[in-house]
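Here's the letter readout for the chains.
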Amino acid sequence: SQSGTQSKYGAYSLYCETTANVGVEGFYGPGTGTNGIAVSSTTDYTLSAWVRTSYATTQLFITWYAAGGASISTDTQAITASVGTWVKHTLTAESPATAAFAAVGILEAVGTATPISWFTDAVNFVQASADTTNIDGDQPGCEWNGAAHASTSTRSAMSRGGGTVTDFEDLN
């Protein structure tokens with residue numbers, strides 16, 4: 001659910017809470033199969049998200065779907081979060097040769113004995129082999145793809161309002 005209790009950027013974040021011995025709790029979106037995000041085949045994509053949790057283990061995932069909507073495969077990245085602080089996590093994967101759509105998500109708490117709560121903010125899924133800066137429809141050079149604060153955002157490739165973070169020492 002939407003929460004104003006914690007946020008990394010803006011006023012809200014996604015809040016999830018599990019009960020004891022729940023199977024899985026998390027975010028999965030924006031849809032599965034042909035309702036997923038359109039992707040190109042054999043192309044690098046990077047998923048990133050800021051997570052604040054009461055539990056140390058979280059998993060990012062990208063599930064790939066064929067043009068007809070059948071699931072092809074899932075790439076995962078198990079991550080260890082710092083409990084009680086915002087930590088950015090990333091997963092980079094190449095889409096399969098037959099991929100046409102993707103769904104992305106964050107999972108936590110597979111059968112734990114205690115309730116767990118967590119927040120996530122600034123979830124990005126980009127066609128790139130490296131993480132990029134946060135995209136929000138309110139930022140200069142960016143726009144909402146639907147209702148403001150209730151849809152995905154895009155940034156023009158011509159915008160200088162963000163992109164890949166590069167250390168100057170790496171530019172020889």
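The residue numbers shown here count from 1 along each chain, following its written sequence. Predicted model: local features are reported for residues with pLDDT of at least 70 only, side-chain atom pairs are reported and counted for 80 or more only, and whole-chain, interface and lining totals are derived from all residues. The side-chain numbers reported here are obtained from all heavy atoms of the structure, hydrogens and water having been left aside.

Asker: Describe the overall build of the protein chain, and please don't skip the residues or the numbers.
Answerer: Runs of E in the DSSP output that reach at least two residues are strands. Runs of H or I that reach at least four are helices, and both are numbered from the N terminus. Looking only at helices and strands, the protein chain features zero helices and 12 strands. Reading the protein chain from its N terminus to its C terminus gives the helix and strand order β-β-β-β-β-β-β-β-β-β-β-β. Burial classes: relative accessible area under 20% of the type maximum marks a residue as buried, over 50% as exposed, and values in between as partly exposed (1.4 Å probe, protein chains only). Looking at the protein chain residue by residue over its 172 residues, the buried ones come to 39%. Whether two residues touch is decided by their heavy atoms; if any such pair falls within 4.5 Å, the residues are in contact. Put simply, of all contacts in the protein chain between residues at least 6 apart along the chain, 69% involve residues at least 24 apart. Only the protein chains shown count as cover for residues, with accessible areas throughout obtained via the Shrake-Rupley method and a probe of 1.4 Å. For the protein chain, the computed accessible surface area is about 9,100 Å², with 50% contributed by carbon and sulfur atoms.

Asker: Could you give an account of the pairing of strand β2 (residues 13-17), with specific residues and numbers?
Answerer: In this sheet, β2 lies alongside strand β1 (residues 2-3) in antiparallel orientation, the contact comprising two bridges. Looking at the pairing, glutamine 2 lines up with leucine 14 of β2. Strand pairing follows a simple DSSP-based rule, namely that at least 2 bridges must link the two strands.

Asker: Run through the packing of aromatic side chains, naming residues and quoting values.
Answerer: In summary, the pairing rule links any two rings of Phe, Tyr or Trp, Trp by its six-membered ring, whose centres are within 6.5 Å, and it sorts them by plane angle into stacked for under 30 degrees, edge-to-face for over 60 and tilted for everything else. Inspection of every chain in the model, using the stated rule, returns four aromatic pairs. When the centroid spacing of 5.2 Å and the interplanar angle of 15° are considered together, the rings of tyrosine 45 and phenylalanine 125 count as stacked. Residue tyrosine 45 is located in strand β5 (residues 44-53), and its partner phenylalanine 125 is located in strand β10 (residues 117-126); the two are separated by 80 residues in the primary sequence. With respect to class, tyrosine 45 is no different from phenylalanine 125; both count as buried. With 6.5 Å between their ring centres and 50° between their planes, tryptophan 64 and phenylalanine 125 make a pair best called tilted. Here tryptophan 64 is found in strand β6 (residues 57-65), whereas its partner phenylalanine 125 is found in strand β10, with 61 residues between them in sequence. Judged by relative accessible area, tryptophan 64 falls into the buried class, the value being 0%.

Asker: Before we move on, could you go through the nonpolar core and cite the residues and values that matter?
Answerer: Joining through side-chain atoms within 4.5 Å is the link that ties buried Ala, Val, Leu, Ile, Met, Phe, Trp, Tyr and Cys residues into a set, and such a set is a nonpolar core. In terms of nonpolar packing, the biggest core is built from 18 residues, with Val39, Leu60, Ile62, Trp64 and Phe125 touching the most fellow members. Going through the elements one at a time, β5, β6, β8 (87-94), β9 (101-108) and β10 are the ones with two or more residues in this core. With four residues, the single largest contributor to this core is β5. Discounting chain neighbours no more than four positions away, the residues touching phenylalanine 125 are Ile37, Val39, Tyr45, Thr46, Leu47, Ile62, Trp64, Ala102 and Val104.

Asker: Which residues make up unusual backbone geometry, and what are the values?
Answerer: For threonine 42, which is not a glycine, the phi torsion comes out positive at approximately 40°. Along the polypeptide, threonine 42 turns up in the loop between β4 (37-38) and β5. Owing to a relative accessible area of 47%, threonine 42 belongs among the partly exposed residues under this scheme. In this model, alanine 122 sits at a positive phi of 55°, which is unusual for a non-glycine residue. Assignment of secondary structure puts alanine 122 in strand β10.

Asker: Summarise the environment of threonine 120; cite the residues concerned and give the values.
Answerer: Mapped onto the fold, threonine 120 is located in strand β10. Given a relative accessible area of 3%, threonine 120 falls into the buried group. Sequence separation of threonine 120 and valine 51 is 69 residues, and the distance between their C-alpha atoms is 4.5 Å. When residues no more than four places from it in sequence are discounted, the contact partners of threonine 120 are Ser13, Leu14, Ala49, Trp50, Val51, Trp86 and Ile106. Polar contact criterion, stated in full: a pair of N or O atoms within 3.5 Å, where within protein one must be able to donate a hydrogen and the other to accept it, and residues adjacent in sequence count only if both atoms are side-chain atoms. Polar contacts involving the side chain of threonine 120 include one to the main-chain carbonyl oxygen of tryptophan 50, which spans 2.9 Å.

Asker: Provide a residue-level description of the side chain of serine 48, including the pertinent values.
Answerer: Here serine 48 is to be found in strand β5. When residues no more than four places from it in sequence are discounted, the contact partners of serine 48 are Lys88, His89, Thr90, Ala122, Val123, Asn124 and Asp131.

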